[in-house]
Structures are given as C-alpha cells and as structure tokens.
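Examining the three-dimensional arrangement
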Amino acid sequence: MTQAASAFPPAVDGYAQATDLLSTLRVRVAAEPLNAVATGIFFLAILHTFAVHRFRVAAHHVQERHDERERAAGRPDSPSVRAELLHFLGEVEVVFGLWAVVLMAAIGLSHGWPVAREYVAHTVNYTEALFVVVIMALASTQPVIAVAESGLRRVAALLGRGPWALWLSVLTLGPLLGSFVTEPAAMTISALLLSRQFYVLRPSRRLAYATLGALFVNISVGGTLTHFAAPPVLMVARPWGWSTPFMLTHFGWRAVLAVVVTNAVYFALFRRELLSLRPPDGTDAGRPVAPPAWIVAVHLAFMSWTVVNAHHPVLCLGGFLFFLGFAKATAPHQSALDLKAPLLVGFFLAGLVIHGGLQGWWIAPLLASLQQLPLFAGAVLLTAFNDNALITYLATQVPDLSDGMKFVVVAGAVTGGGLSVIANAPNPAGQAILAPHFDDGVAPLGLLLGAALPTALAAAAFLLV
C-alpha cells in the first residue's frame, strides 16, 4: 500500500474524535496501524538505552577471552569483531539511530519507500541536532574553556580554596549560564570543567552520580530565565507569546531557587568527602593556558553567531566552516578540535527526533486528558522517556490549554530533564564528556538515582513556592 508522502504522519488533530483516552488511542491505531508499530519500536529503543551498560560489560569480557586465546596461540593482541560489535551496541549515542533504521523499514513496508524517505529526509527537522553539534564543538575549544574557567575560579575563590568551591560554582553558575549561551553550550562548558577539575580526582561512586544528576537537572531548569535558550521553552515561546520578562517572573526565580537549594543539600550530604578532595601534588590540575584576549573575543563572536542563527542551519553551519578556518590559522593558541563527541551527540538527537515525530498520536491526547497536578507528574514522567522539547511542542498542539496548564506542562518538562540521558537535548553532550570517568560508562539507574533528589526539589520549587 502506498500513501502520499505529504499525508504521513497524520496530523494529530486530523483523527476522528472519541469520548475517552483509551477510545481515542484505539481510534488512532485503527486509522493508522503504524502508530502502534512506531511506538513499539520507540520503546524498544528506550529499553536498549537502559541495556547499554550490559553490552559494554559483555564487550569487555569477550575481548578479554579473545586476547587470552590470541596469547595462547602466540599471536599479538587484536580487536575482536564480536567485542567491537557489542561495544558499538553499548554506545548510547547510536541507539536511536540504529532503531531508526528499523523504523524506516517498517514505514517502507507499510507505506512504501518514497513515504519513508520523505519522512526522514524532509518531514523531520534536524535543526536542533545540527545546532548542538556546532555549539558543542565551539564551547569545547580551549579559549572558551579558559575564559569560562577563569570566571568560575574567581567566583570559587570568593567561597574558599579547594575543588569543592569550583564544584559548587560550576553546578550553580554553569546551569544559569544556559539561559544566555543556550543549554548545550552551558552543558559542554560545565561538564568539561567538572571533568578536568572534579572527576579527575576520582570521587566516590555515590558523589559522582549525585553530581551528574544535579548537573543534568540544574541545566534543565537553569535555562528558563529567558525565552530563547532552552529547547523546551523555545517550542512554546512563540505560539504562547512568552517573553523573557514572563519567563523571569514565572519560571526564572523558581529555577534559581531550585538550583541553589539542590547544590546546598548535596553539599551538606557530601560535605566531608568534598572538603577532603585535593588536586594532585597540591596544585590545580589541568588548568588551560589563557589565550590572547582577541582570540577569546573571536570565539565568543562565533558562538554568538551560532546562537542567534540557531534556527537557520545554512548560516549556523556556514559560520562553523569559517570558524574551522580561523582555528587552523590560530593553531598555536588552539587545542585539538575533537568532533567525535559532538557528532555522536548530534546523531543521537537526530535519531531521537525521527522517533519522536511519530509519538504525537498518544502523547497529545494523554496531556489533554490530565488535570494540573497529574499533568505536571505526567510531563515529568514522559520527559524521562522522551526529549522535553518534544513534550512541550506537543502541548502547543492541544487546543484551548489554560495558562495554568501551560505553566505546569513546561515546568514538569524541565523538572524531569535530568532523569535520563534522553530527557533533555544537552544531556548526551554531558554524558559523552563525563562517561570516561565512570566504569563501563554512565549507568541509567545510577543517573536516575542521582537525579531523583534534585528533581524532587525542582518540583517543589515550581509547585509549592
């Protein structure tokens, strides 16, 4: 059966009406059976993300056995194809891309290859994924890191000496910076500083995951001071007429409160260990050399260009190509530009939006059927299994949503943005940077437990204050 590409996926408001949620879902599956298939594939991909740790452990064991056989045979060590395949399946950044292939096959079998090709190539919007690749690459350059670290060190010096002061400064100011330089840039800068100045000191497993959870939740709520920096806010700002003054008065001060309280609580819980951390040899480890001021200014100008043109891919990518030329010309003041992590994160987000674009058939009626408190809880829960920007975007498709309901759905979406690596667009960037500090990568359950308390505190800030 072949269907016009323009009719796929069906518009959320184009289905026949039903009396209750279950009837609505039945009607929509009957009208488009691929809805159930696409959602089933999506949930299999989610289960895969929770199993990546097991794949990585299995890859390690397979490689060890392979090396033992090679040494017993008198041959030099070599990579095991099976181990490499398991390791590939254990990379969380490739999960949704792999399952997108399965989804494309399902669309092709159901509606024909032209429909599948049109959906992936033209219907899905990859602007955010491209933006994250570029901004993450720019934010991870030595001049940007140096100026950010210098500013945070000055703030930390006002608090006291030692890694704990930088830990507190990064977890407080870094997320709030996301309201101005965008959340992906804030995540990259904060994660890199924590990697170089905190995780390198090998904190305990509990503190490592608590810090990761606090970072992810704080980044998610910290981008709500303005209307142009956080993806879940960007999705609703224009349709609902939200401005920066509106965000400050309704979300911003609550977000600051949530970030400060979260950091204070975690500092109190881990005070003894944080105060006991010391840089190697009594010196500050890994401090980058400060580049000339004019080079820093040019880097910040490229970042500003990228932020301003975030929704214009040609200008965004064109500016990045000019930056690559500038970086080459000023190589003595640059660090090696590693594009692996940004590209993997971009691939992750691209795969996520391919799947997410086919989930509106059940998310939109679910959101519309809830009252304020259940809607907040539902937004938090759904965000853990989907990007929070998709949740808020789908909320704009619900007709006649009251102002109170609009507030709680966005508050819930940003509150749940740290519960999993797929809950917020910048999270894959943070995981890619910090995963080497965790044995066999970041475990989804460890992240969930580390983010549980910050999530609860953020929920209290938005609902009770």
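Before going further, it helps to spend a moment on the overall build of the protein. A tally of helices and strands in the protein yields 22 helices and 0 strands. For the protein, the C-alpha radius of gyration of 23 Å lies close to 23 Å, the compact-globule estimate for 465 residues. Expressed as lengths along the three principal axes of its C-alpha atoms, the size of the protein is roughly 70 × 70 × 45 Å. In the protein, which comprises 465 residues, the proportion classed as buried is 54%. Of all intrachain contacts in the protein linking residues separated by at least 6 positions in sequence, the fraction that spans at least 24 positions is 80%. With an accessible surface of roughly 20,400 Å², the protein has 66% of that area assigned to carbon and sulfur atoms.

Tracing the backbone shows Leu89 in helix α3 (residues 81-89). On the accessibility criterion, Leu89 (23% relative accessible area) is partly exposed. Measuring from C-alpha to C-alpha, the distance between Leu89 and His53 comes to 9.7 Å, with 36 residues separating the pair along the chain. Residues within four places of Leu89 in sequence aside, it is in contact with His48, Val52, Phe55 and Leu98.

So, on to helix α8 (residues 163-181). Of all the bends in α8, the greatest measures close to 25 degrees and is centred on Val170. Burial analysis of α8 places 15 of its 19 residues in the buried class, the great majority of the element. Thr182 occupies a position one or two residues after α8 and carries a positive phi of about 85 degrees.

The next point concerns a nonpolar patch on the surface. A cluster of nonpolar side chains, Trp253, Leu257, Val261, Leu373, Leu463, Leu464 and Val465, forms an exposed patch at the surface whose accessible area comes to about 640 Å². Per-element accounting of the nonpolar patch gives the leading share, 3 residues, to helix α12 (residues 244-269). Its relative accessible area of 31% is what places Val261 among the partly exposed residues.

What counts and how
- Residues numbered from 1 in each chain as written.
- Predicted model: local features only at pLDDT ≥ 70, side-chain atom pairs only at ≥ 80, totals over all residues.
- Heavy atoms only, no water.
- Helix = DSSP H or I, 4+ residues; strand = E, 2+ residues; numbered from the N terminus.
- Rg over C-alpha atoms; globule rule 2.2 N^0.38 Å.
- Buried < 20%, exposed > 50% of the residue type's maximum accessible area, 1.4 Å probe, protein only.
- Contact = heavy atoms within 4.5 Å.
- Areas by Shrake-Rupley, 256 points an atom, 1.4 Å probe, with all protein chains shown as cover.
- Bend = angle between axes of the 7 residues up to and from the residue.
- Patch = residues over 30% accessible without salt bridge, like charges linked within 9 Å, V, L, I, M, F, W, Y side chains within 5 Å.
- Salt bridge = Lys/Arg side-chain N within 4 Å of Asp/Glu carboxyl O.

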